[in-house]
Amino acid sequence: MKTSIFETLARLATRRVAQLMALGMAAAVVATMGAIAPAEAHGEKSQQAFLRMRTLNWYDFKWSKTSINVNEEMVLEGKVHIFSAWPQAVANPRISFLNPGEPGPVLVRTAQYFGDQFAPRSVSLVPGKDYAFHINLKGRRAGRWHVHAQINVEGGGPIVGPGQWIEIKGDMADFKDPITLLDGTTVDLETYGIGRIYAWHMPWLIAGAAWILYWFFKKGIIASYLRVAEGREEQAVNDNDRRIGAIVLAVTILVTIVAYAMTNSAFPRTIPLQAGLLKPLTPIETEGTAGVGPKQVTVDLKGGVYKVPGRELTINVEVANKTDEPIRLGEYTAAGLRFLNPDVFTTKPDFPDYLLADRGVSVDPAPIAPGETKTIVVKIQDARWDIERLSDLAYDTDSQIGGLVFFFTPSGKRYAAEIGGPVIPKFVAGDMP
Amino acid sequence: MSQSKSGGAIGPFHSIAEAAGCVQVSDWLILTLVFLACLGGYHIHFMLTAGDWDFWVDWKDRRMWPTVVPILGVTFAAASQAFWWENFRLPFGATFVVLGLLIGEWINRYVNFWGWTYFPINEVFPSALIVPALWLDIVLLLSGSYMITAIVGSLGWGLLFYPNNWPVIAAFHQATDQNGQLMTLADLIGFHFVRTSMPEYIRIVERGTLRTFGKDVVPVAAFFSGFVSMLVYFLWWFMGKWYSTTKIIAKV
């Protein structure tokens with residue numbers, strides 16, 4: 001028996017084993033390399049349609065630049081309407097966090113604001129209100145990246161806004177991220193403290209390895225096993241071993257105490273991590289935003305039908321125009337998609353094509369007069385319903401649409417209003433009922 | 001190992017030197033294979049349990065981090081000590097698995113976090129654990145008792161954790177004024193180097209009811225961590241004792 005075990009162990013150490021291991025590792029490397037492909041989106045299409053339509057309605061979304069150099073700044077800005085009829089299936093946005101959606105830190109976020117309030121931490125959002133936000137970003141890693149804004153809701157997950165491709169040119173090695181401390185010194189956040197990390201971690205790793213190897217060489221594994229199995233305790237651990245242990249322990253504790261004291265001396269003023277909900281935000285209630293919309297234009301969904309094969313949503317909308325000008329429906333937006341009425345938008349706005357249906361809305365061209373309340377039939381039709389998986393609404397447990405509608409006056413004023421409610425799917429082709 | 005008095009052929013070997021060489025090769029194979037197994041097992045366990053507290057600089061707070069990481073870390077250290085001490089009287093069980101964990105973590109942080117996704121190392125370095133591990137091993141060596149190691153060793157394991165990490169962490173707890181908001185450098189690193197899948201509210205920073213010790217929460221957290229580590233140590237010592245085996249070596 002002894003023979004076969006020794007022979008087996010000896011055989012394991014032969015060249016054949018090494019060759020097989022090398023072959024296996026090479027195969028693993030090749031298999032891994034074959035699968036490398038850049039991530040191109042953030043799974044926003046995978047989120048349920050009702051969730052994307054009835055939680056956050058993004059609008060006035062802008063990327064200040066779509067091509068920047070490393071270290072160059074850009075701004076991602078927009079407004080978000082918190083849907084009044086927030087779905088029960090998603091936790092309320094009482095604790096929420098604004099975040100850029102990007103594939104790793106290819107752009108560094110130098111600041112982000114809700115209105116005038118710097119918001120590096122979580123905030124409360126109130127259903128029915130509108131908030132303006134902007135995120136300052138700085139190019140870090142060269143490449144072409146899809147960049148969104150998103151808001152994470154505690155208990156609800158991330159809700160992703162529209163995305164745009166951003167080209168970053170240059171070399172990440174040139175990236176700098178200077179930050180001024182309270183004591184006035186400036187450090188580069190990209191590299192700060194890394195030398196200290198290695199200087200503390202690596203010697204201890206070596207010390208740990210040395211401790212193991214010391215006992216390994218001194219005692220051996222099989223020999224140690226035999227000593228214990230044969231009851232030779234005194235040979236297994238003797239006074240000299242304990243003396244070595246005591247010395248190593250003393251040195252270890254001493255180094256720890258000295259390093260702790262030196263660190264306190266080097267950094268006499270430190271503060272704990274900062275966390276917690278920020279103060280309540282101020283919603284925006286300026287003209288043209290959904291937050292102020294109900295005072296000027298009220299909209300009520302009076303039912304609708306979604307024709308699944310034709311990717312066509314037809315809704316009856318009762319509109320009350322309380323302004324002093326005639327208004328026309330120009331846009332319906334939901335889940336980051338924009339469906340435009342070409343009679344109102346005569347020029348194509350600057351917006352990512354995959355989210356812009358510039359001829360997606362058709363409606364009776366007659367405007368709604370000041371003071372008039374009228375029911376209009378709105379047809380929203382585009383392949384993007386399918387591509388962006390909003391047509392899956394028919395398969396959601398809460399098949400209600402949501403979104404914003406924008407009305408425009410001849411003088412160029414805009415009025416926004418929230419719209420939402422149930423629609424009935426029609427699964428077969430043919431005329432709408 | 002049996003020997004021939006003449007120094008000639010012994011069992012299946014031609015000489016004592018050949019037998020000794022085979023034992024040495026076996027020793028290296030056992031050490032390497034057990035090390036890799038511990039590295040993998042402990043690393044997965046640690047990522048799934050200590051996880052974010054160990055991943056990110058802006059999670060390494062004064063209360064949760066020094067509580068959670070030692071409690072979850074003492075598990076494999078105790079089991080490994082049971083294996084190496086009970087069967088071999090080798091006093092490196094804790095250091096052995098902790099070294100494996102840290103080597104695995106450093107490979108992960110450097111290759112994955114930095115090499116693939118470009119998070120700077122100052123955002124993703126792991127917690128230092130070698131000093132508490134040496135303490136645990138040497139208490140076992142000096143006392144020869146798992147009971148004393150569980151009580152004294154585990155308490156020290158918890159208490160030493162924060163001071164042993166402070167030389168690295170302190171620099172990131174310097175304050176900055178960011179647009180009127182007070183932030184540490186650690187907070188700011190987490191804010192600047194965007195983690196799309198990690199909203200700020202997910203961080204569990206000094207949450208709880210420990211409010212009566214003012215700013216001196218670390219010692220309380222460390223003692224608590226040490227006490228819980230004692231219980232966890234007992235449990236995992238027996239896990240190591242019952243579920244590890246030396247069957248192959250016994251056959252040798």
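Refer to the structure printed above.
Turning our attention to the overall build of chain A. Along the backbone of chain A there are nine helices and 21 strands. Oriented by its inertia axes, the alpha-carbon framework of chain A measures out at about 100 × 60 × 40 Å. Scored against the burial criterion, the 433 residues of chain A give a buried share of 49%. A total of about 19900 Å² of accessible surface is found on chain A, and carbon and sulfur atoms cover 57% of it.

What follows covers helix α5 (residues 222-229) of chain A. Along α5 of chain A, the residues that are buried comprise Ile222, Ser224, Tyr225, Arg227 and Val228 of chain A. Residues of α5 of chain A that are buried in the fold lie against α4 (194-219) and α6 (233-236) of chain A together with α1 (16-49), α3 (64-88) and α10 (247-251) of chain B. Backbone geometry just after α5 of chain A places Gly231 of chain A at a positive phi near 75 degrees.

All names here are of chain A. Across the seven residues that make up strand β14 (residues 328-334), a large majority, six, are buried. Where β14 and strand β15 (residues 337-340) come together, four bridges link them in antiparallel fashion. Counterpart to Glu331 in the pairing with β15 is Leu340. Taking the residues between adjacent antiparallel strands as the criterion, β14 and β15 are bridged by two residues, where Ala335 takes a positive phi near 55 degrees.

Turning to the interface of chain A and chain B, a few remarks are in order. Listed as interface residues are 101 residues of chain A and, on the opposing side, 98 residues of chain B. Summed over both partners, the interface of chain A with chain B comes to about 9000 Å²; 74% of that surface belongs to carbon and sulfur atoms. Applying the counting criterion to the chain A and chain B interface returns zero salt bridges. In this structure, the connection of chain A to chain B is made through 29 residue pairs in polar contact (both at pLDDT 80 or more). Ranked by residues supplied to the side of chain A that touches chain B, first place goes to α4 of chain A with 18 residues. Residue composition of the side of chain A that touches chain B, by class: 60 nonpolar, 25 polar and 16 charged.

Turning next to the packing of α4 of chain A against helix α7 (residues 239-266) of chain A. Residues and elements named next belong to chain A. Two elements in contact, α4 and α7, have axes separated by 13 Å at closest approach and are oriented at 180 degrees. Between α4 and α7, the angle falls in the class roughly antiparallel. Contacts between α4 and α7 involve Arg196, Trp200, Trp204, Trp211, Tyr214, Trp215, Lys218 and Lys219 from the former and Asn240, Asp241, Ile244, Gly245, Val248, Thr252, Val255, Thr256, Ala259 and Thr263 from the latter. Looking at the contact of α4 with α7, its residues break down into nine nonpolar, five polar and four charged.

Once that is clear, we can look at unusual backbone geometry. Backbone geometry at Ala335 of chain A places phi at a positive 55 degrees, although glycine is not the residue there. With respect to the helices and strands, the residue Ala335 of chain A is situated in the loop between β14 and β15. At Glu206 of chain B, a residue that is not glycine, the phi angle is positive and equals roughly 50 degrees. Its location among the elements puts Glu206 of chain B in the loop between α8 (185-192) and α9 (217-243). What makes Glu206 of chain B buried here is its relative accessible area of 13%.

Moving on, we come to the environment of Thr184 of chain B. Within the fold, Thr184 of chain B resides in strand β2 (residues 181-184). Owing to a relative accessible area of 0%, Thr184 of chain B belongs among the buried residues under this scheme. Along the chain, Thr184 of chain B and Ile44 of chain B lie 140 residues apart, while their C-alpha atoms are 30 Å from each other. Among all residues touching Thr184 of chain B, those that are not within four sequence positions of it are Ile271, Pro272, Leu273 and Gln274 of chain A together with Phe172, His173 and Gln174 of chain B. Looking at Thr184 of chain B, its side chain comes within polar contact range of the side chain of Asp187 of chain B, at 2.8 Å.

Moving on to the sheet that holds strand β4 (residues 96-101) of chain A. All names here are of chain A. Sheet architecture is open: four strands sit in the order β2-β9-β8-β4, paired in mixed fashion. Edge positions in the open sheet fall to β2 (67-69) and β4, since each of these has one partner strand only. The average undirected angle you get between the axes of adjacent strands in this sheet is 30 degrees. In this sheet, strand β8 (residues 143-153) lies alongside β4 in antiparallel orientation, the contact comprising six bridges. Paired with Ser96 across the bridge in β8 is Val153.

Now for the sheet that holds strand β19 (residues 400-408) of chain A. All names here are of chain A. Ordered by their spatial adjacency, five strands build an open sheet running β16-β15-β14-β19-β20, and the pairing between neighbours is mixed. Across the chains shown, the open sheet's two edge strands, defined by having one partner strand only, are β16 (356-357) and β20 (414-422). Strand direction decides the pairing type here: β14 and β19, joined by five bridges, are antiparallel. In the strand pairing of β19, Thr333 is matched with Leu404.

If you look at the biggest cluster of nonpolar residues, it comprises 192 residues, and the most contacted ones within it are Phe114, Ile315 and Tyr332 of chain A. At 15 residues, α3 of chain B tops the list of elements feeding residues into this core. Apart from the residues lying within four places of it in its own chain, the contact partners of Ile315 of chain A are Leu301, Gly303, Gly304, Ile376, Val377, Val378, Ile380, Ile401, Ile419 and Val423 of chain A.

Residue and element names in this part refer to chain B. Across all of its chains, the model carries 48 aromatic pairs over all chains by this definition. Between Tyr146 and Phe234, the ring centres sit 6.0 Å apart and the planes meet at 85 degrees, which makes this aromatic pair edge-to-face. Highlighted residues: Tyr146 in helix α7 (residues 146-169) and Phe234 in helix α9, separated in sequence by 88 residues. Take Phe234: its relative accessible area is 24%, and that puts it in the partly exposed class. Between Phe238 and Trp242 the ring centres are 5.3 Å apart and the planes differ by 40 degrees, which places this aromatic pair in the tilted class. A residue pair is termed a helical-turn pair when its members lie 3 or 4 positions apart in one helix, as Phe238 and Trp242 do in helix α9 at four residues.

What follows is about the environment of Phe133 of chain A. Residues and elements named next belong to chain A. Along the chain, the position of Phe133 falls in strand β7 (residues 130-139). Note on Phe133: relative accessible area 3%, which makes it buried. Taking the C-alpha atoms as reference, Phe133 lies 40 Å from Thr263; in sequence the two are 130 residues apart. Not counting the four nearest positions on each side in its chain, Phe133 is found in contact with Trp58, Phe61, Leu76, Glu77, Gly78, Lys79, Val80, Leu98, Tyr113, Phe114 and Ala149.

Calculation notes
- Residues numbered from 1 in each chain as written.
- Chains lettered and ligands numbered in written order.
- Predicted model: local features only at pLDDT ≥ 70, side-chain atom pairs only at ≥ 80, totals over all residues.
- Heavy atoms only, no water.
- Helix = DSSP H or I, 4+ residues; strand = E, 2+ residues; numbered from the N terminus.
- Buried < 20%, exposed > 50% of the residue type's maximum accessible area, 1.4 Å probe, protein only.
- Areas by Shrake-Rupley, 256 points an atom, 1.4 Å probe, with all protein chains shown as cover.
- Contact = heavy atoms within 4.5 Å.
- Pairing = 2+ DSSP bridges.
- Buried area = accessible area lost by both parts, 1.4 Å probe.
- Salt bridge = Lys/Arg side-chain N within 4 Å of Asp/Glu carboxyl O.
- Polar contact = N/O pair within 3.5 Å; in protein donor to acceptor, adjacent residues only side chain to side chain.
- Nonpolar A, V, L, I, M, F, W, Y, C, P; charged D, E, K, R; others polar.
- Axes fitted to C-alpha atoms, helices over the stretch in contact; angles between N-to-C directions.
- Parallel < 35°, antiparallel > 145°, perpendicular 65-115°, else oblique.
- Core = buried A, V, L, I, M, F, W, Y, C linked by side-chain atoms within 4.5 Å.
- Phe/Tyr/Trp six-rings, centres within 6.5 Å; stacked < 30°, edge-to-face > 60°.

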